[in-house]
Amino acid sequence: MRHLRHPTHTGTRTHGLAFHVLIVVCLAFSLAANKIRADEERPEPRIGASFDTSDVDKVRWLKHFQASLESYGATCMALSADGDADIQQQQCDYLLRQHIDALGIMPVHAHLLTSQVQRAHSLGIPVLAMGEMISNCELDLFVGFDWVGGGQMQIDALVSESKGAYYLLGHRTVDDHLHQLLQGRVSALKIYVERGVELLGADELAVPMPNIASKATSKVIARQGPMNVVLTTHPALSVGAIQALTLIGSEDETLVSGLDPDLDACRRILGGQQHSSLYFSRADAGKKSAEVIYQLATRQPIQISTTKHNGLIEVPALLVAPKLLTKENLIDVLTNDEIFTRAQLHP
(Lines give C-alpha, C1' and ligand atoms only; values in the text may rest on other atoms or scores of the structure.)
Protein backbone atom coordinates (compact mmCIF):
# COMPACT_ATOMS: atom_id res chain seq x y z
CA MET A 1 0.00 0.00 0.00
CA ARG A 2 1.45 3.25 -1.05
CA HIS A 3 1.28 6.28 1.33
CA LEU A 4 0.48 9.55 -0.35
CA ARG A 5 2.62 12.46 0.77
CA HIS A 6 0.99 15.84 1.41
CA PRO A 7 2.36 18.52 -0.88
CA THR A 8 4.71 20.91 0.94
CA HIS A 9 4.07 23.91 -1.38
CA THR A 10 7.58 25.16 -0.64
CA GLY A 11 7.73 27.25 -3.73
CA THR A 12 4.43 28.94 -2.96
CA ARG A 13 5.53 29.87 0.59
CA THR A 14 8.78 31.32 -0.66
CA HIS A 15 7.02 33.49 -3.20
CA GLY A 16 4.48 34.62 -0.59
CA LEU A 17 7.21 35.56 1.88
CA ALA A 18 9.09 37.46 -0.79
CA PHE A 19 5.93 39.33 -1.73
CA HIS A 20 5.32 40.23 1.95
CA VAL A 21 8.87 41.50 2.37
CA LEU A 22 8.52 43.52 -0.81
CA ILE A 23 5.38 45.18 0.55
CA VAL A 24 7.11 46.00 3.87
CA VAL A 25 10.15 47.45 2.11
CA CYS A 26 8.00 49.50 -0.26
CA LEU A 27 5.96 50.78 2.70
CA ALA A 28 9.14 51.75 4.57
CA PHE A 29 10.45 53.66 1.55
CA SER A 30 7.07 55.33 1.14
CA LEU A 31 6.98 56.46 4.77
CA ALA A 32 10.55 57.74 4.55
CA ALA A 33 9.77 59.62 1.36
CA ASN A 34 6.67 61.15 2.94
CA LYS A 35 8.68 62.25 5.98
CA ILE A 36 11.35 63.86 3.79
CA ARG A 37 8.66 65.58 1.74
CA ALA A 38 6.92 66.81 4.89
CA ASP A 39 10.22 68.12 6.30
CA GLU A 40 10.90 69.90 3.03
CA GLU A 41 7.42 71.37 2.90
CA ARG A 42 7.31 72.44 6.56
CA PRO A 43 8.20 76.15 6.64
CA GLU A 44 10.89 77.30 8.99
CA PRO A 45 9.54 79.49 11.80
CA ARG A 46 9.12 83.21 11.18
CA ILE A 47 10.25 85.25 14.17
CA GLY A 48 9.63 88.96 14.59
CA ALA A 49 11.64 91.15 16.94
CA SER A 50 11.66 94.79 17.98
CA PHE A 51 14.86 95.87 19.75
CA ASP A 52 15.72 98.95 21.71
CA THR A 53 19.14 99.65 20.16
CA SER A 54 19.87 102.83 22.08
CA ASP A 55 23.27 101.63 23.34
CA VAL A 56 26.09 99.41 22.13
CA ASP A 57 25.32 96.57 24.56
CA LYS A 58 21.80 96.20 23.17
CA VAL A 59 23.15 96.24 19.61
CA ARG A 60 25.50 93.40 20.55
CA TRP A 61 22.60 91.44 22.04
CA LEU A 62 20.66 91.87 18.77
CA LYS A 63 23.66 90.86 16.66
CA HIS A 64 24.07 87.51 18.41
CA PHE A 65 20.30 86.98 18.54
CA GLN A 66 20.02 87.30 14.76
CA ALA A 67 23.10 85.22 14.02
CA SER A 68 21.91 82.37 16.23
CA LEU A 69 18.43 82.33 14.68
CA GLU A 70 19.96 82.23 11.22
CA SER A 71 22.05 79.23 12.29
CA TYR A 72 18.79 77.48 13.28
CA GLY A 73 17.36 78.19 9.83
CA ALA A 74 14.67 80.52 11.13
CA THR A 75 13.48 83.64 9.33
CA CYS A 76 14.12 86.64 11.59
CA MET A 77 12.48 90.00 10.99
CA ALA A 78 14.34 92.29 13.41
CA LEU A 79 13.50 95.98 13.65
CA SER A 80 15.34 98.72 15.55
CA ALA A 81 13.28 101.00 17.78
CA ASP A 82 16.38 103.05 18.68
CA GLY A 83 15.05 104.20 22.04
CA ASP A 84 11.65 105.39 20.76
CA ALA A 85 8.71 103.79 22.61
CA ASP A 86 6.10 104.95 20.08
CA ILE A 87 8.06 103.49 17.18
CA GLN A 88 8.43 100.22 19.06
CA GLN A 89 4.67 99.92 19.57
CA GLN A 90 4.15 100.51 15.86
CA GLN A 91 6.82 97.95 15.01
CA CYS A 92 5.19 95.30 17.18
CA ASP A 93 1.80 95.94 15.60
CA TYR A 94 3.39 95.66 12.14
CA LEU A 95 5.19 92.41 12.98
CA LEU A 96 2.00 90.84 14.30
CA ARG A 97 0.50 91.29 10.82
CA GLN A 98 3.38 89.42 9.16
CA HIS A 99 2.27 85.87 10.03
CA ILE A 100 5.07 85.38 12.54
CA ASP A 101 5.28 82.39 14.88
CA ALA A 102 6.77 84.28 17.85
CA LEU A 103 7.51 87.86 18.85
CA GLY A 104 10.60 89.02 20.72
CA ILE A 105 10.80 92.45 22.34
CA MET A 106 13.67 94.30 23.99
CA PRO A 107 11.54 97.05 25.54
CA VAL A 108 12.20 100.76 25.38
CA HIS A 109 9.55 101.26 28.09
CA ALA A 110 8.35 97.96 29.49
CA HIS A 111 5.09 99.32 30.91
CA LEU A 112 3.87 100.55 27.49
CA LEU A 113 3.77 97.17 25.73
CA THR A 114 0.97 95.37 27.58
CA SER A 115 -1.54 95.83 24.74
CA GLN A 116 0.96 94.45 22.19
CA VAL A 117 1.38 91.28 24.26
CA GLN A 118 -2.39 90.92 24.56
CA ARG A 119 -2.83 91.39 20.80
CA ALA A 120 -0.15 88.78 20.11
CA HIS A 121 -1.91 86.26 22.34
CA SER A 122 -5.23 86.92 20.62
CA LEU A 123 -3.47 85.75 17.43
CA GLY A 124 -1.91 82.73 19.14
CA ILE A 125 1.59 84.24 19.04
CA PRO A 126 3.87 83.77 22.10
CA VAL A 127 5.98 86.72 23.29
CA LEU A 128 9.51 86.82 24.71
CA ALA A 129 10.80 89.89 26.58
CA MET A 130 14.55 90.48 26.64
CA GLY A 131 16.57 92.61 29.02
CA GLU A 132 13.57 94.28 30.67
CA MET A 133 10.41 92.61 31.93
CA ILE A 134 7.17 93.70 30.25
CA SER A 135 4.80 94.50 33.11
CA ASN A 136 1.18 93.64 33.87
CA CYS A 137 0.55 91.08 31.13
CA GLU A 138 0.59 87.32 30.66
CA LEU A 139 4.07 87.29 29.16
CA ASP A 140 5.28 83.89 27.98
CA LEU A 141 8.98 84.14 28.79
CA PHE A 142 11.71 86.52 29.93
CA VAL A 143 15.46 86.43 29.28
CA GLY A 144 17.68 88.72 31.32
CA PHE A 145 20.75 88.75 33.52
CA ASP A 146 21.08 87.40 37.04
CA TRP A 147 22.12 90.70 38.60
CA VAL A 148 21.50 89.62 42.19
CA GLY A 149 23.31 86.34 41.69
CA GLY A 150 26.13 88.16 39.93
CA GLY A 151 26.67 90.43 42.93
CA GLN A 152 26.73 87.44 45.24
CA MET A 153 29.15 85.56 43.01
CA GLN A 154 31.51 88.53 42.90
CA ILE A 155 31.61 88.72 46.70
CA ASP A 156 32.14 84.96 47.01
CA ALA A 157 35.11 85.10 44.64
CA LEU A 158 36.72 88.06 46.41
CA VAL A 159 36.22 86.66 49.91
CA SER A 160 38.01 83.49 48.81
CA GLU A 161 41.07 85.70 48.28
CA SER A 162 40.70 88.35 50.99
CA LYS A 163 38.62 88.33 54.17
CA GLY A 164 39.55 91.80 55.43
CA ALA A 165 37.79 95.18 55.22
CA TYR A 166 35.39 95.83 52.32
CA TYR A 167 34.22 99.13 50.83
CA LEU A 168 31.32 99.49 48.37
CA LEU A 169 31.69 102.48 46.04
CA GLY A 170 28.65 103.16 43.84
CA HIS A 171 26.82 105.99 42.11
CA ARG A 172 23.26 107.25 41.93
CA THR A 173 21.24 105.74 39.14
CA VAL A 174 17.70 104.95 38.11
CA ASP A 175 18.94 101.67 36.62
CA ASP A 176 17.19 98.93 38.57
CA HIS A 177 19.82 96.44 37.42
CA LEU A 178 22.49 98.19 39.47
CA HIS A 179 20.18 98.20 42.48
CA GLN A 180 19.80 94.44 42.07
CA LEU A 181 23.58 94.07 41.79
CA LEU A 182 24.06 96.03 45.02
CA GLN A 183 21.38 93.91 46.67
CA GLY A 184 23.33 90.78 45.75
CA ARG A 185 26.61 92.20 47.02
CA VAL A 186 25.14 93.38 50.33
CA SER A 187 23.24 90.15 50.99
CA ALA A 188 26.40 88.11 50.44
CA LEU A 189 28.50 90.44 52.57
CA LYS A 190 26.05 90.16 55.48
CA ILE A 191 26.75 86.46 55.61
CA TYR A 192 30.51 87.00 55.60
CA VAL A 193 30.38 89.82 58.17
CA GLU A 194 29.11 87.22 60.61
CA ARG A 195 32.28 85.26 59.82
CA GLY A 196 34.71 88.11 60.40
CA VAL A 197 34.63 90.19 57.21
CA GLU A 198 34.33 93.94 57.94
CA LEU A 199 32.16 96.29 55.89
CA LEU A 200 33.67 99.78 56.10
CA GLY A 201 30.77 101.44 54.32
CA ALA A 202 28.78 101.88 51.13
CA ASP A 203 28.88 105.26 49.38
CA GLU A 204 26.62 106.39 46.53
CA LEU A 205 28.22 109.24 44.61
CA ALA A 206 26.21 111.79 42.67
CA VAL A 207 28.16 111.11 39.46
CA PRO A 208 30.75 108.45 38.55
CA MET A 209 33.89 110.59 38.21
CA PRO A 210 37.44 109.55 39.19
CA ASN A 211 38.25 112.66 41.26
CA ILE A 212 35.06 112.35 43.29
CA ALA A 213 35.65 108.62 43.79
CA SER A 214 39.23 109.27 44.88
CA LYS A 215 38.14 111.79 47.51
CA ALA A 216 35.42 109.47 48.85
CA THR A 217 37.84 106.55 49.12
CA SER A 218 40.48 108.70 50.84
CA LYS A 219 37.91 109.88 53.41
CA VAL A 220 36.99 106.31 54.31
CA ILE A 221 40.65 105.35 54.64
CA ALA A 222 41.37 108.37 56.86
CA ARG A 223 38.34 107.64 59.04
CA GLN A 224 38.48 103.86 59.30
CA GLY A 225 41.92 102.75 58.16
CA PRO A 226 43.17 100.63 55.24
CA MET A 227 40.79 98.56 53.15
CA ASN A 228 41.39 95.16 51.59
CA VAL A 229 38.70 95.14 48.89
CA VAL A 230 36.89 97.89 46.96
CA LEU A 231 33.85 97.09 44.81
CA THR A 232 32.65 99.67 42.29
CA THR A 233 29.73 100.06 39.88
CA HIS A 234 31.52 101.99 37.12
CA PRO A 235 35.01 101.97 35.54
CA ALA A 236 35.54 105.63 36.47
CA LEU A 237 34.96 104.79 40.13
CA SER A 238 37.62 102.07 39.93
CA VAL A 239 40.07 104.65 38.57
CA GLY A 240 39.36 106.98 41.49
CA ALA A 241 39.68 104.22 44.09
CA ILE A 242 43.03 103.12 42.65
CA GLN A 243 44.26 106.73 42.74
CA ALA A 244 43.39 107.00 46.44
CA LEU A 245 45.01 103.66 47.24
CA THR A 246 48.16 104.67 45.36
CA LEU A 247 48.49 107.80 47.52
CA ILE A 248 48.94 105.63 50.62
CA GLY A 249 50.94 102.95 48.84
CA SER A 250 48.39 100.15 49.27
CA GLU A 251 47.39 99.70 45.62
CA ASP A 252 49.19 96.34 45.48
CA GLU A 253 47.54 94.99 48.64
CA THR A 254 43.97 96.09 47.94
CA LEU A 255 41.71 94.25 45.47
CA VAL A 256 39.61 96.55 43.28
CA SER A 257 36.75 94.85 41.43
CA GLY A 258 34.39 96.68 39.09
CA LEU A 259 31.56 96.20 36.62
CA ASP A 260 31.39 95.83 32.80
CA PRO A 261 34.93 96.99 32.02
CA ASP A 262 35.86 99.41 29.28
CA LEU A 263 39.14 99.03 27.38
CA ASP A 264 41.19 100.94 29.97
CA ALA A 265 39.77 98.77 32.77
CA CYS A 266 40.69 95.65 30.81
CA ARG A 267 44.24 96.90 30.44
CA ARG A 268 44.39 97.66 34.18
CA ILE A 269 43.28 94.11 34.96
CA LEU A 270 45.85 92.62 32.58
CA GLY A 271 48.52 94.92 34.01
CA GLY A 272 47.73 94.05 37.63
CA GLN A 273 46.48 97.48 38.72
CA GLN A 274 42.92 96.18 39.09
CA HIS A 275 41.92 92.74 40.33
CA SER A 276 38.77 91.97 38.33
CA SER A 277 35.47 93.11 36.89
CA LEU A 278 32.03 91.57 36.65
CA TYR A 279 31.01 91.10 33.03
CA PHE A 280 27.52 90.52 31.65
CA SER A 281 27.91 88.91 28.24
CA ARG A 282 25.43 90.25 25.68
CA ALA A 283 26.67 87.52 23.35
CA ASP A 284 25.52 84.85 25.81
CA ALA A 285 22.20 86.65 26.31
CA GLY A 286 21.60 86.99 22.57
CA LYS A 287 22.29 83.31 21.96
CA LYS A 288 20.06 82.19 24.84
CA SER A 289 17.28 84.49 23.65
CA ALA A 290 17.46 83.00 20.16
CA GLU A 291 17.39 79.47 21.56
CA VAL A 292 14.23 79.93 23.60
CA ILE A 293 12.30 82.04 21.07
CA TYR A 294 12.97 79.34 18.48
CA GLN A 295 11.48 76.84 20.93
CA LEU A 296 8.48 79.11 21.44
CA ALA A 297 8.02 79.52 17.70
CA THR A 298 8.17 75.77 17.06
CA ARG A 299 6.01 75.03 20.11
CA GLN A 300 8.68 72.96 21.82
CA PRO A 301 8.51 72.49 25.61
CA ILE A 302 10.84 74.75 27.60
CA GLN A 303 12.01 73.67 31.04
CA ILE A 304 12.67 76.74 33.22
CA SER A 305 12.23 76.64 37.00
CA THR A 306 12.99 80.31 37.77
CA THR A 307 10.27 82.96 37.63
CA LYS A 308 10.03 86.74 38.02
CA HIS A 309 6.88 88.63 38.91
CA ASN A 310 5.79 91.26 36.38
CA GLY A 311 2.98 92.81 38.42
CA LEU A 312 0.39 90.32 37.19
CA ILE A 313 1.88 86.81 36.98
CA GLU A 314 5.04 84.85 37.70
CA VAL A 315 6.80 84.81 34.33
CA PRO A 316 9.23 81.96 33.49
CA ALA A 317 12.63 83.66 33.53
CA LEU A 318 15.92 82.51 32.04
CA LEU A 319 18.58 84.47 33.92
CA VAL A 320 22.00 84.49 32.28
CA ALA A 321 24.89 84.33 34.76
CA PRO A 322 27.73 86.86 34.45
CA LYS A 323 31.45 86.10 34.46
CA LEU A 324 34.14 87.51 36.72
CA LEU A 325 36.95 88.70 34.45
CA THR A 326 40.49 88.38 35.77
CA LYS A 327 43.86 88.50 34.03
CA GLU A 328 43.58 84.73 33.54
CA ASN A 329 40.36 84.66 31.49
CA LEU A 330 39.73 88.22 30.26
CA ILE A 331 41.38 87.95 26.84
CA ASP A 332 39.66 84.70 25.88
CA VAL A 333 36.21 85.82 27.04
CA LEU A 334 36.21 89.28 25.45
CA THR A 335 37.81 88.26 22.16
CA ASN A 336 35.38 85.34 21.81
CA ASP A 337 32.49 87.79 22.38
CA GLU A 338 34.08 90.17 19.83
CA ILE A 339 34.23 93.02 22.34
CA PHE A 340 37.92 93.74 21.81
CA THR A 341 40.72 92.25 19.74
CA ARG A 342 43.93 90.91 21.21
CA ALA A 343 45.77 93.82 19.62
CA GLN A 344 43.48 96.30 21.41
CA LEU A 345 43.99 94.60 24.75
CA HIS A 346 47.78 94.46 24.30
CA PRO A 347 48.67 97.64 22.37
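This text follows the structure it describes.
Criteria and cut-off values
- Residues numbered from 1 in each chain as written.
- Predicted model: local features only at pLDDT ≥ 70, side-chain atom pairs only at ≥ 80, totals over all residues.
- Heavy atoms only, no water.
- Helix = DSSP H or I, 4+ residues; strand = E, 2+ residues; numbered from the N terminus.
- Buried < 20%, exposed > 50% of the residue type's maximum accessible area, 1.4 Å probe, protein only.
- Areas by Shrake-Rupley, 256 points an atom, 1.4 Å probe, with all protein chains shown as cover.
- Polar contact = N/O pair within 3.5 Å; in protein donor to acceptor, adjacent residues only side chain to side chain.
- Patch = residues over 30% accessible without salt bridge, like charges linked within 9 Å, V, L, I, M, F, W, Y side chains within 5 Å.
- Salt bridge = Lys/Arg side-chain N within 4 Å of Asp/Glu carboxyl O.
- Core = buried A, V, L, I, M, F, W, Y, C linked by side-chain atoms within 4.5 Å.
- Pairing = 2+ DSSP bridges.
- Axes fitted to C-alpha atoms, helices over the stretch in contact; angles between N-to-C directions.
- Contact = heavy atoms within 4.5 Å.

Peer 1: Could you give an account of the overall build of the protein chain, naming the residues involved and the relevant values?
Peer 2: Along the backbone of the protein chain there are twelve helices and 13 strands. Counting over 347 residues, the protein chain shows a buried share of 45%. Just so you have it, the protein chain exposes about 18200 Å², and 55% of that area is on carbon and sulfur atoms.

Peer 1: Give me unusual backbone geometry: which residues, what numbers.
Peer 2: Positive phi, normally seen in glycine, also occurs at Asp82, with a value near 50°. By secondary structure assignment, the location of Asp82 is in the loop between β2 (75–80) and α3 (85–95). Asp82 gets classed as exposed once you look at its relative accessible area, which sits at 54%. Despite not being glycine, Arg299 has its phi angle at roughly 60°, a positive value.

Peer 1: If you had to explain the side chain of Ser68 to someone new, which residues and values would you point to?
Peer 2: One can find Ser68 in helix α2 (residues 56–72). For Ser68, the side chain forms a polar contact with the main-chain oxygen of His64, separated by 2.9 Å.

Peer 1: Which residues make up a nonpolar patch on the surface, and what values go with them?
Peer 2: Where nonpolar side chains cluster on the molecular surface, the patch consists of Val207, Met209 and Ile212 and spans about 210 Å² of accessible area. Within the secondary structure, Met209 is located in the loop between β7 (198–205) and α7 (210–224).

Peer 1: Hey, could you go over the nonpolar core for me, with residue numbers and the actual values?
Peer 2: Counting 30 residues, the largest nonpolar core has Phe51, Trp61, Phe65, Leu69 and Leu128 as the members making the most contacts within it. Of all the secondary structure elements, the ones that give two or more residues to this core are β1 (46–51), α2, β3 (102–106), β4 (127–130), β5 (141–145), α6 (176–193) and α10 (282–297). The leading source of residues in this core is α10, at seven residues.

Peer 1: I'd like a rundown of the pattern of salt bridges, residues and numbers included.
Peer 2: Taken as a whole and assessed by the stated rule, the structure comprises nine salt bridges. Residue Lys63 is joined to Glu338 by a salt bridge in which the shortest nitrogen-to-oxygen separation is 2.5 Å. Here the residue Lys63 occupies a position in helix α2, and Glu338 occupies one in the loop between α11 (330–336) and α12 (342–345), the gap between them amounting to 275 residues. For Lys63, a relative accessible area of 45% puts it in the partly exposed group. According to the relative accessible area criterion, Glu338 is partly exposed, its value standing at 48%. Through salt bridges with shared partners, a single ionic network connects Asp57, Arg60, Asp260 and Arg282.

Peer 1: So what's going on with the sheet that holds β3? Residues and values would help.
Peer 2: The strand order β2-β1-β3-β4-β5-β12-β11 describes an open sheet built from seven strands, whose pairing is mixed. Two strands bound the open sheet, and with one partner strand each, they are β2 and β11 (307–309). Taking each pair of neighbouring strands and ignoring which way they run, the sheet shows an average axis angle of 25°. In this structure, β11 lies alongside strand β12 (residues 314–320), joined through three bridges in antiparallel fashion. Each bridged residue has a counterpart across the sheet, and for Lys308 the counterpart in β12 is Val315. In the packing of α2 onto the sheet, the strands contacted are β1, β2, β3, β4 and β5, and the crossing angle to β1 comes to about 175°.

Peer 1: Mind laying out the environment of Thr53, listing which residues take part and the relevant values?
Peer 2: When you line up the elements, Thr53 lands in the loop between β1 and α2. Judged by its relative accessible area of 13%, Thr53 falls in the buried class. In this structure Thr53 touches Lys58, Val59, Leu62, Ser80, Ala81, Asp82 and Gly83, once residues within four positions along its chain are discounted.

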